[in-house]
Amino acid sequence: MTPPALPPPMDLATALSFSAYAERAFVADPALRDELATSIDHRFDWSTQGPAIAAIAANGDAASLARALRRLRRRVFLHTMARDLAGRAAFEEVVAAMSTLAELALRAAVDLHTRILAEVHGDPIGAESGTPQALIVIGMGKLGGGELNVSSDIDLVFAYPEEGETRGSKPVSNREFFDRLGRRVIAALAEVDADGYVFRVDMRLRPYGDSGPLTASFAALEQYLVTQGRAWERYAWLKARALTGDRHDELAALVTPFVYRKYLDYDAYEGLRDIHRQIREQERRRDYADDIKLGPGGIREIEFIVQALQIVRGGREPVLRLRGTLPALAALAERQQLAPHAVTVLEQGYLFLRRLEHRLQYRDDRQTQHLPVEHAERLRLAKAMGFRDASSFETALGMHRHGVERQFAAVFDTPGETAQAPRDAWASLWEDPQASDDSLTWLAGAGFDDPAALVATLRHMREGRRYLQLPALSRERFDRLVPRLLAVAATQRAPGTPPSAVVGRLFALLEAVSGRSAYLALLVEHPPLLPRLAQLMGASAWAAEYLTRRPLLLDELLDARVLLAPPDWSAWKSELARLLDASAGDAETSMDVLRHFQHAQTFRLLAQDLSGQMSVEGLADHLSALADTILDATLKGCWRLLQGPDAPPPRFAIVGYGKLGGKELGYASDLDLVFLFEADPENPADEGAHERYARLAQRINTWLTSATAAGRLYETDLRLRPDGAAGLMVSSLAAFDRYQREQAWTWEHQALTRARFVAGDAAIGTAFESIRDDVLRQPRDAAKLAADVIDMRARMAAGHANPTPDFDLKHDRGGMVDIEFVVQFLVLAHAHRHRALTKNAGNIALLGIAAQAGLLPTELASASADAYREYRRLQHQIRMTGAPHARVDPAPQAARRATVDALWEHALGPRPDRLEFALRKRGDARHVDG
């Protein structure tokens, strides 16, 4: 976002002549003009004024403070006005000056009048804690946001922590004490005398408004918000900021759940739209046409857009919980919750209208947002805004207001029925699902292959307990959604997926979320989401199931730009770190943050995969990078909880094996992990290191595998550690090195070919890579190695039975495992002479390296790589249908299988009888015989 622009410059004399209030002030105190002339080039000097006011509050009387505050207010107003009109102050300086004045005045008034009352009644003491209590002045509205305008009222709420009684010669209840104090504070600021006033005070935002008590204890405030708080009050409390007193964290803990729901709060839209209708009705009144705050395209509409998006999303995304309008708009822009053009329109409109608002108020120090009627006044205002004439000013004003009004309508106007078929078709079918000849014929024409089954499904849904027990509002939303879902399903023509399958997946999702009204609201409020949803559901049964189990991901479908944007791992890591920082110290919340993040990024990759933007290899790279990111964040989070936030980083590393190690991860892949540590180099005899890091490893595994309300992250397999399941959870680097050189089986060295450092201490990671390189490059007896590899292949074949005549792309002879075993053999047999084979570059690249080294014929290596690539593509395609095994008709794969057989024979020789027997037992004898 661009920084607020400075207004066009105006000389001091012209600036001051714009304001009738300034002319009156100079008559009353001519020295003010000279003071402005010498100070206009600098911001207001609070370093001297703050201590002076504090001294009066500590030692002076009420009259002295009232006089000092009113005179200070006059100086701040004039200084701010002069700098603004003369082009020396940006918008943020103007609002900061007035907000600072309000905060200073409130603190001083509270301090002085607390002292005066306590001299009579004693200090108020909490009945529960037995500690002194202080009045907490809560700034609401623009004061809470630190964006007060120059002639603004200040909206306040008074609270105190506990009920109780004062301890003094004339004790009163805490309520009576703070009510008296509140009235004194209001008078100190709002009473008008010969020096004017400081701020008008508006207390109507307190619980029960004008009819409620002036002050409220925390308990009373919480009770009100929970039982009586209305939708519009969430907006008011969104900007609430405690300005005096203490125990602010306790106050925030009871206010935050009222303003922000735990998850995305699409239920809020109904209440927000009611407020929107009220705003629109008010704007239609003729006397609001020239009101730049409350009229169409005014300041209130901008604030409402920003606050509505904060309320909907702020529960899930704490980074959006900002009080100021411009900072919140910037945060929404950063998280792409508004289109760039919309952000520009709202930001520029807000700055223009707020500058205009200040100029309206500079004129006579009145809280007004109405444009003047007289032509001379409009011309004067236009020039103060930097325009030559009233016409060009009004053109610019109209442009800004029209732009804001369009954005307001885009966010809040009632969603259209663009995704809904004519009411006499889909809606009528849902209202009365009967298998008449006409309806069956019509459904068949719409592409449904079993119309009678669809009608029966609709009738079963409509008569089912789940539907009948829905609350009225949820049932209304359900009724609106079913016809729309039928309509979009009929338009989907995904290869191999008829509309009946699409609608079945959509209905499964709808029934899964029907108990959560927020999800129903999301689908109702965003009709363009439905075709996107139907397309995804039609493209993949696995994707449909993934989304149905995680409906929170529906939010990801709202913005196709974000959903289909290329992965930016730097930005994603920063986002995850920010989210985890906000939940630091809370294990449960941190675990959920990790799960929400992992699910969201996986879903984005899934959407790009299904749209054809990503190859299988590219997808695997990104899924592996996602796992690396999650592992790194999990390690850091667990260490922080175990050792504290200030503990030095652990000398601990996570090594990935298998699919993770080879960067061939799929959507549902397990993580094969090994944990390594090194004792403190300054304390080599650190006896507690193993226990400490074992606890860390256990905690990491728990975070990864536990099922929480947000699901789970990954299944893990830790059996590749030294000595397997019987071994220790963690290994020292030295022990790992020793085991790999002296005790490891051949299959463990096979696994090491696809291992890499993925997270933790980089020095340990480098040491691991060095150990891996040395072990892989050990000279080996080729014949014994071949026998071991063949034996392990036979064991694996025996453990993966295929009783069907179809070809298992992974486990059958001529499949992916054969290629992987050949590559592993080539690495272990020849890396001592060809170091390039130790690269963790994936099977396809390693086949090429082997060919370059003269270990394989180039054509055979290339054909085998093509076969592996095609097998992976087919495997991925089948898994996306939700099938449990990747098995295909063997005939089209015969040539590839022959290529893989040739690869095996070239590297390892003819298959021995025991391997033939194992493959025959898998039901694949036809190919073995042929």
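This one's a predicted model, so the numbers in the text were calculated from it and none came from an experiment.

The rules behind the values
Residues numbered from 1 in each chain as written. Predicted model: local features only at pLDDT ≥ 70, side-chain atom pairs only at ≥ 80, totals over all residues. Heavy atoms only, no water. Helix = DSSP H or I, 4+ residues; strand = E, 2+ residues; numbered from the N terminus. Buried < 20%, exposed > 50% of the residue type's maximum accessible area, 1.4 Å probe, protein only. Contact = heavy atoms within 4.5 Å. Areas by Shrake-Rupley, 256 points an atom, 1.4 Å probe, with all protein chains shown as cover. Axes fitted to C-alpha atoms, helices over the stretch in contact; angles between N-to-C directions. Parallel < 35°, antiparallel > 145°, perpendicular 65-115°, else oblique. Left-handed = near helix turned anticlockwise from the far one by under 90°. Nonpolar A, V, L, I, M, F, W, Y, C, P; charged D, E, K, R; others polar. Salt bridge = Lys/Arg side-chain N within 4 Å of Asp/Glu carboxyl O. Arc of directions from axis to C-beta. pLDDT = per-residue confidence, 0-100. Core = buried A, V, L, I, M, F, W, Y, C linked by side-chain atoms within 4.5 Å. Polar contact = N/O pair within 3.5 Å; in protein donor to acceptor, adjacent residues only side chain to side chain. Phe/Tyr/Trp six-rings, centres within 6.5 Å; stacked < 30°, edge-to-face > 60°. Pairing = 2+ DSSP bridges.

**A word on the overall build of the protein**
Across its full length, the protein carries 42 helices and 14 strands. Expressed as a percentage of the 930 residues in the protein, the buried residues total 55%. Of the contacts made within the protein by residues no fewer than 6 positions apart, 75% connect residues no fewer than 24 positions apart. Looking at the protein as shown, the accessible area adds up to about 39,200 Å², and 52% of this sits on carbon and sulfur atoms.

**A short note on the packing of helix H4 (residues 46-59) against helix H5 (residues 62-85)**
Packing of H4 against H5 brings their axes to within 10 Å, and their N-to-C directions diverge by 160°. Considering their axes alone, H4 and H5 lie roughly antiparallel with respect to each other. Considering the relative orientation of H4 and H5, their crossing is left-handed. Each of Trp46, Gln49, Ile53 and Ile56 in H4 lies in contact with H5, whose residues at this interface are Ser64, Leu65, Ala68, Leu69, Leu72, Arg75 and Val76. Grouping the amino acids of the contact of H4 with H5 by side-chain chemistry returns 8 nonpolar, 2 polar and 1 charged.

**Structural notes on the pattern of salt bridges**
Enumeration over the complete set of coordinates arrives at 55 salt bridges. Where Glu377 meets Arg363, a salt bridge forms, and the shortest distance between an N and an O atom there is 3.0 Å. Here Arg363 lies in the loop between helix H15 (340-362) and helix H16 (375-384) and Glu377 lies in helix H16, a separation of 14 residues in the sequence. Residues Arg777 and Asp773 are paired through a salt bridge, measuring 3.9 Å at the closest nitrogen-oxygen approach. You can call Arg777 partly exposed: its relative accessible area is 26%. Via salt bridges that share partners, Arg313, Glu317, Arg335, Asp555 and Glu575 belong to a single interconnected network.

**Points about the environment of His599**
Relative to the elements of secondary structure, His599 occurs in helix H29 (residues 587-610). C-alpha of His599 to C-alpha of Gly711: the two residues are 112 residues apart in sequence and 9.1 Å apart in space.

**Quick look at helix H3 (residues 31-39)**
Among the residues making up H3, those that are buried are Leu32, Leu36 and Ser39. For H3, the angular spread of buried residues about the axis comes to 80°, placing them on one side. When the buried face of H3 is taken as reference, the exposed residues oriented beyond 90 degrees from it are Asp34 and Thr38. In this structure, the buried side of H3 is in contact with helix H1 (12-17), helix H2 (20-28) and H5.

**Focus: the confidence of the model for the protein**
Mean pLDDT for the protein: 89, with 92% of residues reaching 70 or above. Within the protein, the element-level pLDDT minimum falls on helix H42 (residues 925-929), averaging 30, and the maximum on strand E2 (residues 136-139), averaging 98. With pLDDT under 50 throughout, residues 1-6 is counted as low confidence; its partners more than four residues away or in other chains account for 14 contacts.

**Looking at unusual backbone geometry**
For Arg247, which is not a glycine, the phi torsion comes out positive at approximately 55°. Turning to its location among the elements, Arg247 is positioned in the loop between strand E7 (241-242) and helix H11 (248-259). Even without a glycine there, the phi angle at Lys663 is positive, about 55°.

**Topic: the environment of Phe675**
Along the chain, Phe675 falls in strand E9 (residues 671-677). Among the residues examined, Phe675 registers a relative accessible area of 1% and is labelled buried. Sequence-wise, Phe675 and Gly656 are 19 residues apart; in three dimensions their C-alpha atoms are separated by 9.0 Å. Those residues in contact with Phe675 that lie beyond four places of it in its chain are Phe652, Ala653, Ile654, Ala697, Ile700, Leu718, Met729, Val730 and Ser731.

**Digging into the nonpolar core**
Formed by 121 residues in total, the largest nonpolar core has its most connected members in Leu78, Leu106, Ile138, Ile154, Trp237, Leu356 and Phe393. Here the element with the most residues in this core is helix H6 (residues 91-121); it accounts for 15 residues. Beyond its immediate sequence surroundings of up to four residues, Leu106 is in contact with Val137, Leu143, Ile154, Leu156, Val185, Leu189, Leu243 and Thr244.

**Looking at the environment of Arg83**
Structurally, Arg83 can be placed in helix H5. Of the residues examined, Arg83 reaches a relative accessible area of 5% and is grouped as buried. Along the backbone, Arg83 and Asp41 are 42 residues apart, and their C-alpha atoms lie at a distance of 7.5 Å. There is a polar contact of 2.7 Å between the side chain of Arg83 and the backbone oxygen of Ile40.

**Comments concerning H16**
Where H16 is concerned, the buried positions are Arg378, Leu381, Ala382 and Ala384. Within H16, the buried residues cover an arc of 160° as seen down the axis, which keeps them to one side. The exposed set on the far side of H16, more than 90 degrees from its buried face, consists of His375 and Ala376. Considering only its buried residues, H16 is in contact with H5, H15 and helix H17 (390-412). Note on H16: the residue one or two positions beyond its end, Gly386, has a positive phi of about 95°.

**A few points about the side chain of His79**
Of note, His79 is situated in helix H5. What His79 contacts, discounting residues up to four positions off in sequence, is Leu36, Ser39, Ile40, His42, Arg43 and Phe44.

**A short note on the packing of aromatic side chains**
The final tally for this structure, using the stated rule, is 26 aromatic pairs. With a centroid separation of 6.3 Å and 70° between ring planes, the pair formed by Phe352 and Phe387 is classed as edge-to-face. Placement of the pair is Phe352 in helix H15 and Phe387 in the loop between H16 and H17, with a sequence separation of 35 residues. Phe352 sits in the buried class, given a relative accessible area of 8%. For the pair Trp569 and Trp572, a centre-to-centre distance of 4.7 Å together with 75° between the ring planes defines the contact as edge-to-face. Pair noted here: Trp569 and Trp572 are both in helix H28 (residues 569-582), with a separation of 3 residues, about one helical turn. Note on Trp572: relative accessible area 6%, which makes it buried. Put simply, the rings of Trp639, Phe652, Phe675, Phe677 and Tyr693 pair up and form one aromatic cluster.

**Regarding the pairing of strand E3 (residues 154-160)**
E3 sits mainly inside the fold: 6 of its 7 residues count as buried. Sheet topology note: the E2/E3 ladder contains 4 bridges and is antiparallel. Following the sheet pairing, Gly139 is matched in E3 by Leu156. Here E3 runs beside strand E5 (residues 201-202); their pairing, made up of 2 bridges, is parallel. The partner of Asp155 across the bridge, within E5, is Asp202. Here E3 pairs with strand E6 (residues 215-217) via 3 bridges, running parallel.

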